[in-house]
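Understanding the architecture of this molecule
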Amino acid sequence: MGAEIISGTEMAREIRGEVAERVTAMRSADGKTPGLATVLVGSDPASSTYVRMKNRAAAEVGIRSRQVDLPESISHEELLGWVEGLNADPEVDGILVQLPLPDQIREDEILEAVHPAKDVDGFHPVNVGRLVSGSTDVLAPCTPRGIIELLMRSGHDPAGRHVVMVGRSNIVGKPMASLLLRRGRGGDATVTIAHSRTANLAEITRLGDILIVAVGRPGVVTADMVRPGAVVIDVGVNRVDDADSEKGYRLVGDVDFEGVRGVASAITPVPGGVGPMTIAMLLSNTVDAAQTGRGGDGE
Ligand code: GUN
């Protein structure tokens, strides 16, 4: 008995099509083209790949995109200056500073420097606060937004279900819980957050009708930790050595895919699950930011 494989690749293509239509409509209505600026500090291979993919996806839907490449050694003040320049640039509707940042940079100050109306990552404290307060008129983080779309569009509405979130990061775990708790579409769930210090993790994960895993370690969730029939969303992207692969590595998630697919009713693959959805929602947030000047993922 195999689980349904939820393809983020296909769903993301559908969403990118919807975003492209919004871009076209906007251009013909008021002659405006949405603009995205990505900021990459240093040359970490994974971050470079992600940023390149984000810019390419933006261009494909008609968003004007611009990548700012800055040296690993840049000072905190210089980076702040770049962010302020992008805040003031009328052609830039959305700003994304790729994380992580080097040690000399005070990450929280950089995230606070991005104007909340251009914060397409949804990491500014004003947007975080609005989201926690239950606002649907807010720029919300892309990965959790992508997961909500994955669940809704594959027929697994979280309303009234018990969702167990493993991971408490500011990028995934915490905003995921806030989105799931919101009233309305994609929300109304019962949410438990577990993390690296959770005692008896398997007892908690087995309670989940929906289990979302964002830990950053391969194979953390095994079949015995999953409730039979659960929907499993794997956010992890881990490089593991693989001599048979051309690159010398392959990508795996946080979930033991082969084991868990025998227990779950549905599961996302890695790659091709959550990853493409994250990028699609970034494009959606960019058009929201261009349209309203503040964003809004609500109805
Ligand atoms: N690094 C890992 N995930 C993300 C993300 O969603 N946004 C940014 N800016 N950096 C990241």
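So, here's what we can say about the structure. (Residues numbered from 1 in each chain as written. Predicted model: local features only at pLDDT ≥ 70, side-chain atom pairs only at ≥ 80, totals over all residues. Heavy atoms only, no water.)

1. So, the sheet that holds strand β4 (residues 94-97)
Within a sheet, neighbouring strands are paired by backbone hydrogen bonds and run either parallel or antiparallel to one another. The strand order across the open sheet built from three strands is β3-β2-β4, with neighbouring strands paired in parallel fashion. The outermost strands of the open sheet, each flanked by one partner alone, are β3 (64-70) and β4. Strand-to-strand, the axes of this sheet are offset by a mean angle of 15 degrees, without reference to chain direction. Relative to β4, strand β2 (residues 35-41) runs parallel, the two being bridged by four bridges. Looking at β4, one finds that Leu36 is bridged to Gly94. Lying on the sheet, helix α3 (residues 76-88) is in contact with β2, β3 and β4; it crosses β3 at an angle near 165 degrees. (Pairing = 2+ DSSP bridges. Helix = DSSP H or I, 4+ residues; strand = E, 2+ residues; numbered from the N terminus. Axes fitted to C-alpha atoms, helices over the stretch in contact; angles between N-to-C directions. Contact = heavy atoms within 4.5 Å.)

2. Considerations on the nonpolar core
Among the nonpolar cores identified, the biggest contains 47 residues, and Ile63, Ile147, Ile212, Ile233 and Val235 are the most heavily contacted of them. The leading source of residues in this core is helix α10 (residues 274-292), at ten residues. Ignoring any residue separated from it by four or fewer positions in sequence, one finds Ile233 in contact with Ile147, Leu151, Leu211, Ile212, Val213, Thr268 and Val274. If you look at the next biggest cluster of nonpolar residues, it comprises 21 residues, including Val41, Val68, Val83 and Ile110. (Core = buried A, V, L, I, M, F, W, Y, C linked by side-chain atoms within 4.5 Å. Buried < 20%, exposed > 50% of the residue type's maximum accessible area, 1.4 Å probe, protein only.)

3. Focus on the sheet that holds strand β8 (residues 231-234)
Reading across from one edge, β1-β11-β8-β7-β5-β6 is the order of the six strands in this open sheet, with parallel pairing throughout. Strands at the two margins of the open sheet, each flanked by one partner only, are β1 (4-5) and β6 (190-194). Note: strand β7 (residues 210-213) against β8, four bridges, orientation parallel. Residue pairing for β8: Leu211 is matched across the bridge by Val232. Here helix α7 (residues 173-181) sits on the sheet and contacts β5 (162-166), β6 and β7; the angle it forms with β6, its principal contact strand, is near 170 degrees.

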